[in-house]
Amino acid sequence: MSTEATPAVSIAKASKSAFEASQLIDASERVRALHEIRIELGASKESILEANEEDMDAAQADVDAGRMSGSLLKRLDLRKGDKWESMLQGITDVANLPDPNGKISYASELDDNLELYRVSCPIGVLLVIFEARPEVVVNIAALAIKSGNAAILKGGKESNRTTQLISKAIQIALSRTKIPDTYIQTVQSRAEVSSLLELNQYIDLVIPRGSNELVRNIKNNTHIPVMGHADGLCSIYLDKSADLEKAVRVVVDSKVDYPAACNAVETLIVHESLLQNLWPEVAKSLLASSVILLCDTPSLSALSALSPATPNIQTHVRPAPPDAYTTEHLNLTLSVLTLQSLSAAIQHINAHSSHHTDCIVTESTDAASTFTRGVDSAGTFVNASTRFADGFRYGFGAEVGISTGRIHARGPVGLDGLVTYKYVLRGKGDKGHVVGEFGSGEGKKRYKHTPIHATSLPF
């Protein structure tokens with residue numbers, strides 16, 4: 001069979017064609033498409049949640065058999081709490097955001113009637129690969145449509161039933177608009193993904209969301225640019241000036257609110273001066289929430305003297321194993337480390353974290369400034385839970401993922417992270433403009449490079 005006849009090539013070509021066609025469709029139609037998607041998902045809610053229940057039952061069997069982690073199972077549940085309504089609200093939030101395209105970030109007059117503009121535009125076709133969470137299909141579809149990008153989505157096999165119905169609802173909604181219904185497509189098999197990763201002539205960016213192994217595998221098997229993060233190995237440092245109430249609230253929320261999330265704290269670093277006062281109180285609050293503490297020798301010794309001893313101290317306080325500070329637990333387990341200074345904490349975080357989100361609890365402005373400048377992570381927080389590292393909470397409507405890289409986009413990737421830019425050069429002279437007229441010799445023109453104040457293209 002020729003390469004041109006494979007299903008993956010057909011999918012990729014359809015995405016590229018849909019993307020190209022969409023560039024001449026008014027931005028208001030993309031907003032209308034998002035509202036249609038919310039309506040269609042609402043109409044399909046019962047069948048989607050039934051499919052999700054089937055996925056959950058199958059996943060529970062895998063957990064019971066030791067083939068799947070409990071944290072992955074929790075991410076799969078679309079029926080938990082207000083997840084469904086939050087998913088739908090995210091569509092509306094994205095629809096209401098300003099269009100990220102057509103923004104001018106640089107404008108200059110090179111010569112009389114010769115104007116240069118740097119204007120934001122979509123990236124193209126996105127291939128997004130993620131694990132478990134079926135609502136990611138909706139999040140990414142909304143962001144892709146609003147930002148003018150086509151997308152091919154691959155969820156984990158554990159959510160196949162749910163993602164298929166969500167994808168169907170999205171395509172039905174798109175069919176009621178001028179946007180091609182192939183603008184958002186989903187694939188189900190690893191073989192399709194492997195083939196798609198070879199198609200750099202059609203796909204412009206790969207965004208993996210999932211395990212470290214998944215991200216590594218994607219990066220090693222494609223020439224397409226990859227944007228994403230692997231581990232969410234987040235840390236909190238309790239500075240010597242830390243306030244007790246702030247420390248308890250920030251640490252407990254960062255660990256307990258949703259321990260399976262990539263922005264949950266995994267390592268707590270305690271300044272050595274806090275071992276006999278603040279640390280035991282923080283530990284009591286964590287133990288009250290059934291958090292298992294993997295402690296180094298100093299922090300372990302400090303807890304042995306607790307009086308009265310907490311009921312679960314014997315079962316939930318343990319010596320830290322050698323890999324404690326490089327492990328993303330994704331459950332109610334927290335590694336604890338004692339260090340002697342802020343600089344040592346910064347060094348440890350930079351050496352051991354995944355550069356996702358790290359926090360300091362401090363009353364010192366100088367310490368806060370040093371921490372936020374010194375820690376090389378996508379998010380550096382002061383006196384605030386690491387769980388705030390999220391596109392929805394940042395006001396992005398939703399996020400396509402969290403990037404721990406340093407190029408193009410970093411942190412939660414919303415609309416602005418899904419656009420690039422192009423240079424538009426506009427000649428308004430009667431004869432057109434040619435480079436040969438410019439230079440340093442006699443009779444040659446000099447470039448003016450005069451800034452232009454513009455927020456959008458004048459045509």
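Rules and cut-offs
Residues numbered from 1 in each chain as written. Predicted model: local features only at pLDDT ≥ 70, side-chain atom pairs only at ≥ 80, totals over all residues. Heavy atoms only, no water. Domains from an automatic or database assignment. Contact = heavy atoms within 4.5 Å. Buried area = accessible area lost by both parts, 1.4 Å probe. Salt bridge = Lys/Arg side-chain N within 4 Å of Asp/Glu carboxyl O. Helix = DSSP H or I, 4+ residues; strand = E, 2+ residues; numbered from the N terminus. Buried < 20%, exposed > 50% of the residue type's maximum accessible area, 1.4 Å probe, protein only. Polar contact = N/O pair within 3.5 Å; in protein donor to acceptor, adjacent residues only side chain to side chain. Phe/Tyr/Trp six-rings, centres within 6.5 Å; stacked < 30°, edge-to-face > 60°. Lys NZ or Arg CZ within 6 Å of the ring centre and 35° of its normal. Arc of directions from axis to C-beta. Core = buried A, V, L, I, M, F, W, Y, C linked by side-chain atoms within 4.5 Å. Expected span 1.5 Å × (residues − 1). Axes fitted to C-alpha atoms, helices over the stretch in contact; angles between N-to-C directions. Parallel < 35°, antiparallel > 145°, perpendicular 65-115°, else oblique. Left-handed = near helix turned anticlockwise from the far one by under 90°. Nonpolar A, V, L, I, M, F, W, Y, C, P; charged D, E, K, R; others polar. Patch = residues over 30% accessible without salt bridge, like charges linked within 9 Å, V, L, I, M, F, W, Y side chains within 5 Å. Areas by Shrake-Rupley, 256 points an atom, 1.4 Å probe, with all protein chains shown as cover. Pairing = 2+ DSSP bridges.

Asker: Is there a simple way to think about the domain arrangement of the chain in this case?
Answerer: Size of an interface: often given as the accessible area lost when the parts come together. Here the chain is described as being made up of domain 1 (7-220) and domain 2 (234-399). The C-alpha centroid of domain 2 is placed 33 Å from the C-alpha centroid of domain 1. Across the boundary between the two partners, domain 1 contributes 12 residues, which contact 11 residues of domain 2. The junction of domain 1 with domain 2 conceals about 910 Å² of combined surface from both sides, 56% of it contributed by carbon and sulfur atoms. Area buried by domain 1 at its contact with domain 2 is led by Ser 71, Arg 75 and Leu 143, which between them contribute 41% of it. Our count for the contact surface shared by domain 1 and domain 2 stands at 0 salt bridges. Within the residue set of the side of domain 1 that touches domain 2, elements represented by two or more residues are helix H4 (70-76), helix H5 (83-96) and helix H6 (135-147). Considering each element in turn, the side of domain 1 that touches domain 2 owes the most residues, 4 residues, to H5.

Asker: So what exactly am I meant to see when it comes to the environment of Ile 349 here?
Answerer: Summarising the element assignment, Ile 349 is placed in helix H14 (residues 342-352). Among the residues examined, Ile 349 registers a relative accessible area of 0% and is labelled buried. Sequence separation between Ile 349 and Tyr 325 is 24 residues, and the spatial gap between their C-alpha atoms is 9.5 Å. In contact with Ile 349, other than residues within four places in its own chain, are Ser 235, Ile 269, Asp 358, Phe 371 and Val 375.

Asker: What am I meant to see in the side chain of Gln 185 here?
Answerer: Relative to the helices and strands, Gln 185 resides in strand S5 (residues 184-187). Separated by 2.8 Å, the side chains of Gln 185 and Ser 15 make a polar contact. The contacts of Gln 185, once residues within four sequence positions are left out, are Ile 11, Ala 14, Ser 15, Ala 151, Ile 152, Leu 153 and Gln 171.

Asker: Sorry if this is basic, but what is going on with the packing of aromatic side chains here?
Answerer: Both the distance between ring centres and the angle between the ring planes are used here to describe each pair of aromatic rings. Counted according to the given criterion, the structure contains 3 aromatic pairs. Ring plane angle 5 degrees and centroid distance 4.3 Å describe the contact between Phe 438 and Tyr 447, whose orientation is recorded as stacked. Sitting over the ring of Tyr 258, Lys 80 keeps its end group 4.9 Å from the ring centre. Sitting above the plane of the Tyr 421 ring, Arg 118 keeps its charged end 5.3 Å from the centroid.

Asker: How do you make sense of helix H15 (residues 365-374) when you look at a structure like this?
Answerer: In an α-helix, one full turn covers 3.6 residues, which means residues spaced three or four apart are oriented alike. Regarding H15, the residues found buried are Ala 367, Ala 368 and Phe 371. The arc that holds the buried residues of H15, viewed along the axis, is 100 degrees, so those residues lie on one side. Opposite its buried face, H15 presents the exposed residues Thr 365, Asp 366 and Arg 373, each directed more than 90 degrees away. As for H15, its buried residues are in contact with strand S7 (234-238), H14, strand S12 (357-361) and strand S13 (379-382).

Asker: Hey, could you run me through the nonpolar core in this one?
Answerer: Grouped burial of nonpolar side chains is what soluble globular proteins tend to show. With 68 residues, the main nonpolar core has Leu 41, Ile 145, Ile 184, Leu 196 and Ile 203 as its most contacted residues. Here the element with the most residues in this core is H6; it accounts for 9 residues. Setting aside residues up to four positions removed in sequence, Ile 145 forms contacts with Arg 30, Ala 33, Leu 34, Ile 37, Leu 174, Ile 179, Tyr 183 and Ile 184.

Asker: Help me understand unusual backbone geometry in this model?
Answerer: Glycine aside, the phi torsion of most residues is negative, and most peptide linkages are trans. Located in the positive-phi region is Ser 290, a residue other than glycine, with phi close to 65 degrees. Positionally, Ser 290 belongs in the loop between helix H11 (278-288) and strand S9 (292-295). Residue classification places Ser 290 among the partly exposed residues on the basis of a relative accessible area of 38%. Look at Asn 383: it is not a glycine, yet its phi comes out positive at around 55 degrees. Topologically, Asn 383 is positioned in the loop between S13 and helix H16 (391-394).

Asker: What should I look at first to understand H5 in this one?
Answerer: Here H5 is 14 residues long and its end C-alpha atoms lie 20 Å apart, about the 20 Å a rise of 1.5 Å per residue gives. Contacts made by the buried residues of H5 are with helix H2 (27-43), helix H3 (45-64), H4 and H6.

Asker: Help me understand the packing of H2 against H6, please; the structure alone is not making it clear to me.
Answerer: Pairs of packed helices are described in terms of their axes, by the angle between the two and the distance that separates them. Close contact between H2 and H6 brings their axes to 9 Å; oriented N to C, the two are set at 160 degrees. Between H2 and H6, the crossing angle belongs to the class labelled roughly antiparallel. The crossing of H2 and H6 is right-handed. For the pair formed by H2 and H6, the contact residues are Arg 30, Val 31, Ala 33, Leu 34, Ile 37 and Leu 41 on the first element and Val 138, Ala 142, Ile 145 and Lys 146 on the second. Tallied by class, residues from the contact of H2 with H6 come to 8 nonpolar, no polar and 2 charged.

Asker: Before we go on, may I ask you to explain a nonpolar patch on the surface in this structure?
Answerer: A contiguous nonpolar surface patch, about 340 Å² in accessible area, is contributed by Tyr 106, Tyr 421 and Tyr 423. Looking at where Tyr 421 falls in the secondary structure, it is placed in strand S16 (residues 419-427). Owing to a relative accessible area of 46%, Tyr 421 belongs among the partly exposed residues under this scheme.

Asker: I tried to follow the sheet that holds strand S3 (residues 125-130) on my own but got confused; where do I start?
Answerer: Backbone hydrogen bonds hold the strands of a sheet together, and the pairing may be parallel or antiparallel. The strand order across the open sheet formed by 4 strands is S5-S4-S3-S6, and the pairing between neighbours is parallel. The sheet is open, and its two borders are formed by S5 and strand S6 (205-209), each paired with just one other strand. Shown here is a sheet whose adjacent strand axes are inclined to one another by a mean of 20 degrees, direction ignored. Of the pairings in the sheet, the one linking S3 to S6 comprises 5 bridges and is parallel in character. Within S6, the position partnered with Phe 130 by the bridge is Arg 209. Against the sheet, helix H1 (residues 7-22) makes contact with S3, strand S4 (150-154) and S5, and its axis sits at roughly 150 degrees relative to S4, the strand it touches most. Against the sheet, helix H9 (residues 212-220) contacts S3 and S6, and its axis sits at roughly 160 degrees relative to S6.

Asker: Sorry, what's going on with the sheet that holds S16 here?
Answerer: The 4 strands lie next to each other as S16-S2-S1-S17, forming an open sheet whose pairing is antiparallel. Strand pairing shows two members of the sheet lacking a second neighbour, S16 and strand S17 (450-451), which therefore form its edges. For strand S1 (residues 104-111) and S17, the ladder comprises 2 bridges, and the chain directions are antiparallel. Bridge pairing links Glu 109 to Thr 450 in S17.

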